[in-house]
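Residue-level listing of the chains:
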Amino acid sequence: MKRLLLLSIAILTIFTISACSSSKAEGPGDDKDKIHVKIGVNGADGAQWPILKEKAAKEGIEIELIEFADYTLPNNALAQGDIDMNAFQHIAFLGQYVKESGNHIVPIGSTMLAPMGLFSEKIDDVSEIKAGDKIAIPDDPSNQARALRLLESAGLLVLSDDFGLFGTPTEIADNPLNLDILPMTAQQTPRVLPDVTASVINNGVAGQAGFSPIEDAVFIEDETDDNIHPYVNILAVREDDKDNKAYKRIAELYQEEDIEKVVKEDTNGGSFLVKLTAEQLEKTFAELKK
């Protein structure tokens, strides 16, 4: 009986040592020691993502990109905890979302500015736009207002003095050509080009549709115009996570020179990094939420 007990103890010891050895063999770099971060995006093919993922991995942060088909889902997914961050929107868009939803999401870092442009299959210059022509624009509140400001900059419209960041076509003060302004889902704006004279298309949507945001636009935003500052794109997180070190580190890595270079190359100069401080982000966001 005693011999049987000693044999059992010996077998148990062997299994324990074997299990410990197996666990240690995985080493400090195994998955259990990594911080896994899910980032929601609207287009995961950007050349910056493989570089960012590689840089983050070296610091023990494993990035997983979760792609969404439209602009309505990534913020809801973030608020519900399905993802940890998102990177698809500008400050004004987030400000409007937070105001309407009551969900507590904040910017944690700036990424790039993607100028909005006017595109057409029928004209080569805005001077060719005629009375009664149809112009498509995105219908989400912030981009709709931005598109109308673009049309004003092109000399096609005059907006009311109190137009603001979320103005609508009802606040057009003067429409000398009596243009037919057609708001629609952002993803539809390139698809309706055969049916309209011109279409205001978000930079990212234009790229996905095969356009060069700079070379193919009939008219494009001026990057020196103060009116486009609210449209700097951002990395966003839940407010409770704004001090999370891993998330803040991802935002810092995004701002480095290698990312800046590849963004410019990947977009043919159509987008460029904008480096806003935490204080600038917070101030701009607070103003936009009003």
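Quick caveat, the model's predicted, so the values are computed rather than measured.

Peer 1: Would you explain the nonpolar core in this entry?
Peer 2: One broad trend across soluble globular proteins is that nonpolar side chains are buried collectively. Formed by 44 residues in total, the largest nonpolar core has its most connected members in Ile 39, Leu 52, Met 85, Leu 94, Leu 235, Ile 250 and Tyr 254. Among the elements that take part in this core, helix α7 (residues 245–254) stands out by supplying six residues, more than any other. Discounting chain neighbours no more than four positions away, the residues touching Met 85 are Val 37, Lys 38, Ile 39, Gly 40, Leu 78, Ile 108, Leu 235, Ala 236, Val 237, Tyr 247 and Ile 250. Residues Leu 118, Val 126, Leu 179 and Ala 198 belong to the second largest nonpolar core, which totals 23 residues.

Peer 1: What exactly am I supposed to notice about unusual backbone geometry here?
Peer 2: In most cases, non-glycine residues show a negative phi, while peptide bonds are predominantly trans. If you check the backbone angles, Asn 178 has positive phi at about 50 degrees while not being a glycine. Mapped onto the elements, Asn 178 comes out in the loop between β8 (172–174) and β9 (180–184).

Peer 1: Please clarify how the pattern of salt bridges should be interpreted in this entry.
Peer 2: Oppositely charged side chains can pair when the atoms bearing their charge come close. Enumeration according to the criterion identifies eight salt bridges in this entry. Here Lys 55 makes a salt bridge to Asp 258, at a shortest N to O gap of 2.9 Å. Within this pair, whereas Lys 55 is found in helix α2 (residues 48–57), its partner Asp 258 is found in helix α8 (residues 257–266), the two being separated by 203 residues in sequence. With a relative accessible area of 13%, Lys 55 lands in the buried category. A residue is classified by how much of its surface remains accessible, and Asp 258, at 33% relative accessible area, is partly exposed. Of the charged contacts in the structure, one is a salt bridge between Lys 275 and Glu 260, with a shortest N-O distance of 3.7 Å. Taken together, the residues span a long stretch of sequence, with Lys 275 in the loop between β13 (272–273) and α9 (278–289) and Glu 260 in helix α8 at a distance of 15 residues. With a relative accessible area of 32%, Glu 260 lands in the partly exposed category. Several salt bridges converge on common partners, so that one network encompasses Lys 55, Glu 256 and Asp 258.

Rules behind the numbers
- Residues numbered from 1 in each chain as written.
- Predicted model: local features only at pLDDT ≥ 70, side-chain atom pairs only at ≥ 80, totals over all residues.
- Heavy atoms only, no water.
- Core = buried A, V, L, I, M, F, W, Y, C linked by side-chain atoms within 4.5 Å.
- Buried < 20%, exposed > 50% of the residue type's maximum accessible area, 1.4 Å probe, protein only.
- Helix = DSSP H or I, 4+ residues; strand = E, 2+ residues; numbered from the N terminus.
- Contact = heavy atoms within 4.5 Å.
- Salt bridge = Lys/Arg side-chain N within 4 Å of Asp/Glu carboxyl O.

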